[in-house]
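What follows is each chain in one-letter form.
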Protein chains: 2
Amino acid sequence: MDTNITIAVDAMGADAGPQVAVEGALAALKDSKFGSKITKIALVGRQAEIKSILGKISHDVNRLEVVDAQEVIHVEEVPTSAIKTKKNSSIVVGLNLVKQGRAAAFVSAGSTGAVLAGGTTIIGRIKGIKRPALGVLLPNSTGGHTFLTDAGANVDAKPEFLLQFAQMGSVYMESVLGVDNPRIGLVNVGAEREKGNSVAKAAYELLEASDLNFTGNVEARDIPGGAVDVAVCDGFVGNIILKYTEGYAKGMFATLKIELVSRFLSRFGALLSRGAFKRMRKRYDYTEVGGAPFIGLNGLVVKAHGSSNAKAIKNSIGQCVKFIEGGVVAKIQSMSNNNEED
Amino acid sequence: MDTNITIAVDAMGADAGPQVAVEGALAALKDSKFGSKITKIALVGRQAEIKSILGKISHDVNRLEVVDAQEVIHVEEVPTSAIKTKKNSSIVVGLNLVKQGRAAAFVSAGSTGAVLAGGTTIIGRIKGIKRPALGVLLPNSTGGHTFLTDAGANVDAKPEFLLQFAQMGSVYMESVLGVDNPRIGLVNVGAEREKGNSVAKAAYELLEASDLNFTGNVEARDIPGGAVDVAVCDGFVGNIILKYTEGYAKGMFATLKIELVSRFLSRFGALLSRGAFKRMRKRYDYTEVGGAPFIGLNGLVVKAHGSSNAKAIKNSIGQCVKFIEGGVVAKIQSMSNNNEED
């Protein structure tokens, strides 16, 4: 068990600017559940800006370090070249802290492409892992979560990548969320084994032959109900499910709001029910979950949503603590070694 | 304009049995908007069963024909072989009515695979159309609909298929829904043109070079908001979006219900707001839309949901009327001829 938990946080990544990262980091250190487990947080970014925000908030200077990085990689930039040219960007500096062992994890709400490209080239893949994958915890209607992986790192995936996504997802759900023997489903257009495109069909065979708790194909309609603990797909399909979820929930809430305020009685009713709507929104609120871990690297990188607020950053940091405590990297390393020996 | 509109309806397809098809057909003939445009409906299936239901409901015998088909193709059967061996099934008989010109359209709530396989082999593709596609009208938060195509017919699609899906979708939205110069979006993981997997990247180029109103990539999060009129993707992605929508809406309504009844005040509020919830459900109710047209064939085939009720069947029939009035098949034929000449 790692008793020194230092987490690096990209102060420049969020759309809303450094304020949310600084506030999120301070809230994480004080959090009643996981705050005491964090040795230190390193805020990475423009020192003067960060210090100016920090100057206005009381905090424990021994547990909060500012690591200077003058450059910022913007979402419009081509990820691979931005990583190469902006050596002094918050993303590159933050990833290097993990590479050098000075931090156990890096949280960024910045460019997804740059975080993924940088994670792979700077921190590097675990030996035997062909492609690291993004994982996202989707809230399901059982009150729990489904780990959707790959959620966007590999838009063209081979069947053997999908097998590894499933293996890493299984380790994640077991070690971080405490799910016993996680149920693995292959996202597909039908329940029957012969269904799907050529990649899905080949992945089915690999998953079936593995020692995972593979429960077969999972139809997209059964994901929100929590039919599986890990939903495996390529990054194209995963990213579409992830983003569609976001847009659909927004659309439904917007429609409901229009309908609720359209008549007096409904409006009055909505006022009385507002507690229920608040709880509902909380259940579907991504800021509660934190970010998306990029798994398969020799270290932890968590991609937080660009529109993250301080709470989302705080929860992303909390997720890192659980990931580190669960020893996920070591478990994937050992799993990958076993595969190599097969 | 076809002044004789005869529509064949699979009486055996719906999960709930022949009753819903019979009731749906009768409701369609009486519908105030499109009922008078229908010359005749042919109910295809086990004659004795259908006639026994019809015997209990008053109807105009001149406008309702029963076409006997003793066999039923079940969803568990392998579509291609079922189509070949069950020549006297309601699906094969119904599709033959279209092929022979005895009906302008066939509506079935039966096995999707059998309807698609049978549609292609019995009715046949429009000359020049490489792959017919399923289209689905997704309700969006503008109060309108987005045509998602392909929604499941071609799980492995080439870029040139996607171009044709877009062309057919454009004709559909213009002719059936009266959308002027429909906005076509390519479902992708990012807005930028270089985003996506290899098929999406190549399809982007083809769409851009076409004379369609191509608005670029559409991110899945923008589909529910109605960012485009036609959302183009392969059948694997489309089917996942379609089924995910179904499951997600169900999950959200279930969660909301739990939250609303969990406290007294919310419960009382929900009672007052129930009109709004009813209107909301109506907006997201697939039975309002009808079925999914299978476009690109020399005739119209509409796949209704397996769990269709009489209203869904009625609305699927109404959708056929609009499709026939819009002359969609002829327009796709002429479009396809123009492509050939290019």
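That block above? That's the structure.
Residues numbered from 1 in each chain as written. Chains lettered and ligands numbered in written order. Predicted model: local features only at pLDDT ≥ 70, side-chain atom pairs only at ≥ 80, totals over all residues. Heavy atoms only, no water.

## Concerning the packing of helix α4 (residues 90-99) of chain B against helix α5 (residues 112-123) of chain B
All names here are of chain B.
Step number 1: The interhelical angle for the contact between α4 and α5, taken along N-to-C directions, is 35 degrees, at an axis separation of 10 Å. Two packed elements cross with a definite hand, and for α4 against α5 that hand is right-handed. In this structure, α4 uses I91, V92, L95, N96, V98 and K99 to contact α5, whose residues at the interface are A114, V115, G118, G119, I122 and I123.
Step number 2: Classifying every residue of the contact of α4 with α5 gives eight nonpolar, three polar and one charged. (Axes fitted to C-alpha atoms, helices over the stretch in contact; angles between N-to-C directions. Helix = DSSP H or I, 4+ residues; strand = E, 2+ residues; numbered from the N terminus. Left-handed = near helix turned anticlockwise from the far one by under 90°. Contact = heavy atoms within 4.5 Å. Nonpolar A, V, L, I, M, F, W, Y, C, P; charged D, E, K, R; others polar.)

## A few points about the packing of aromatic side chains
Step number 1: Scanning the model with the defined rule gives nine aromatic pairs over all chains in all.
Step number 2: Between Y172 of chain A and F323 of chain A, the aromatic rings sit 5.8 Å apart at their centres with planes inclined by 50 degrees, giving tilted as the arrangement. Taken together, the positions of Y172 of chain A in helix α6 (residues 159-175) and F323 of chain A in helix α12 (residues 310-325) put the pair 151 residues apart, joining distant regions of the chain. Like Y172 of chain A, the residue F323 of chain A is buried in the burial classification.
Step number 3: An angle of 70 degrees between the planes, with centres 5.8 Å apart, marks the rings of Y248 of chain A and Y248 of chain B as edge-to-face. Taken as a pair, Y248 of chain A in helix α8 (residues 235-261) and Y248 of chain B in helix α8 (residues 235-261) lie in two separate chains rather than in one.
Step number 4: For Y248 of chain A, a relative accessible area of 4% puts it in the buried group.
Step number 5: Grouping aromatic residues by their ring pairs yields a cluster made of Y244 and Y248 of chain A together with Y244 and Y248 of chain B. (Phe/Tyr/Trp six-rings, centres within 6.5 Å; stacked < 30°, edge-to-face > 60°. Buried < 20%, exposed > 50% of the residue type's maximum accessible area, 1.4 Å probe, protein only.)

## Side note on the state of the cysteines
Step number 1: What the rule picks out here adds up to zero disulfides over all chains.
Step number 2: Looking at the unpaired C233 of chain B, the closest cysteine sulfur is the one in C233 of chain A, lying at 15 Å. (Disulfide = S-S within 2.5 Å.)

## Brief notes about the environment of A200 of chain B
Step number 1: Within the fold, A200 of chain B resides in helix α7 (residues 198-209).
Step number 2: For the pair formed by A200 of chain B and A157 of chain B, sequence separation is 43 residues and the distance between their alpha carbons is 10.0 Å.
Step number 3: Setting aside residues up to four positions removed in sequence, A200 of chain B forms contacts with F236 of chain A together with L186 and N188 of chain B.

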